[in-house]
Amino acid sequence: MTPEKETELFVTLAGISKMLEGVVITQENHSRQIEDVRNQVAGVRDRVADVQGQVVDVRSQVVNVQEQVAELRLHHGEALAEIRGQLSIMLQWLQSMDQRFGSLMVPMMQPKKAS
C-alpha cells in the first residue's frame, strides 16, 4: 500500500471516528431526552393518581350531602305533616268558637222593632 493510500485511509478512518463520536453524543443526548420524557410521564401519572383520588373524595362528599338532603327532606316532611295536623285542629277549634260566639251574639244583634 502506498503512503498516499495509507494517508487517505487514515483520514477516512479519522472522519469515520469523528462521525461515530457524533453519533454517540447524539445517542447520549437522545437517551437523556428519553429519560426526561419518562420522568415527565411518571410525574403526569402521579398527578393523574392524585386527581383521581380527589375525584373519589369529591364523589363521596357529594353522596354524603345527598344523604343529608334526603334526611332533611324526610324530617321537614314529618315536621310539615305535624304542623298541618296542629293547624287543622286549631282551625276546627276556631270554627267551633266562632259558632259559639255567633250563637251567643244572636240575641244581642236582633233588630229593634219600630214602634
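Enquirer: Requested: an account of the overall build of the protein chain, with residues and values cited.
Expert: On a plain count of helices and strands, the protein chain comes out with one helix and zero strands. On C-alpha atoms alone, the protein chain measures out to a radius of gyration of 49 Å, which is more than a quarter above the 13 Å that the 2.2 N^0.38 rule sets for 115 residues. Viewed in the frame of its principal axes, the protein chain has a C-alpha envelope of about 165 × 30 × 10 Å. Residues counted as buried form 0% of the 115 residues belonging to the protein chain.

Enquirer: Talk me through a nonpolar patch on the surface; I want residue IDs and the actual numbers.
Expert: A contiguous nonpolar surface patch, about 390 Å² in accessible area, is contributed by Leu-80, Ile-83, Leu-87 and Met-90. Among the secondary structure elements, Ile-83 is positioned in helix α1 (residues 3–109).

Enquirer: Would you mind going over the environment of Met-1 in detail, with residue names and values included?
Expert: Mapped onto the elements of the fold, Met-1 is located in the segment before α1. With relative accessibility at 71%, the residue Met-1 sits in the exposed group. In this structure the C-alpha to C-alpha distance between Met-1 and Leu-94, which are 93 residues apart in sequence, comes to 133 Å. If we skip the residues at most four places from it in the chain, Met-1 touches Glu-6 and Leu-9.

Enquirer: Summarise the environment of Thr-12; cite the residues concerned and give the values.
Expert: Inspection of the secondary structure puts Thr-12 in helix α1. Owing to a relative accessible area of 40%, Thr-12 belongs among the partly exposed residues under this scheme. A polar side-chain atom of Thr-12 sits 2.8 Å from the main-chain carbonyl oxygen of Glu-8.

Enquirer: Go over the environment of Gln-40, please, and point to the residues and values.
Expert: Within the secondary structure layout, Gln-40 lies in helix α1. Judged by relative accessible area, which is 54%, Gln-40 ranks as exposed. Considering only alpha carbons, one finds Gln-40 and Leu-13, 27 residues apart in sequence, at a separation of 40 Å.

Calculation notes
- Residues numbered from 1 in each chain as written.
- Predicted model: local features only at pLDDT ≥ 70, side-chain atom pairs only at ≥ 80, totals over all residues.
- Heavy atoms only, no water.
- Helix = DSSP H or I, 4+ residues; strand = E, 2+ residues; numbered from the N terminus.
- Rg over C-alpha atoms; globule rule 2.2 N^0.38 Å.
- Buried < 20%, exposed > 50% of the residue type's maximum accessible area, 1.4 Å probe, protein only.
- Patch = residues over 30% accessible without salt bridge, like charges linked within 9 Å, V, L, I, M, F, W, Y side chains within 5 Å.
- Areas by Shrake-Rupley, 256 points an atom, 1.4 Å probe, with all protein chains shown as cover.
- Salt bridge = Lys/Arg side-chain N within 4 Å of Asp/Glu carboxyl O.
- Contact = heavy atoms within 4.5 Å.
- Polar contact = N/O pair within 3.5 Å; in protein donor to acceptor, adjacent residues only side chain to side chain.

Function cannot be inferred from these measures alone, as they are strictly geometric.
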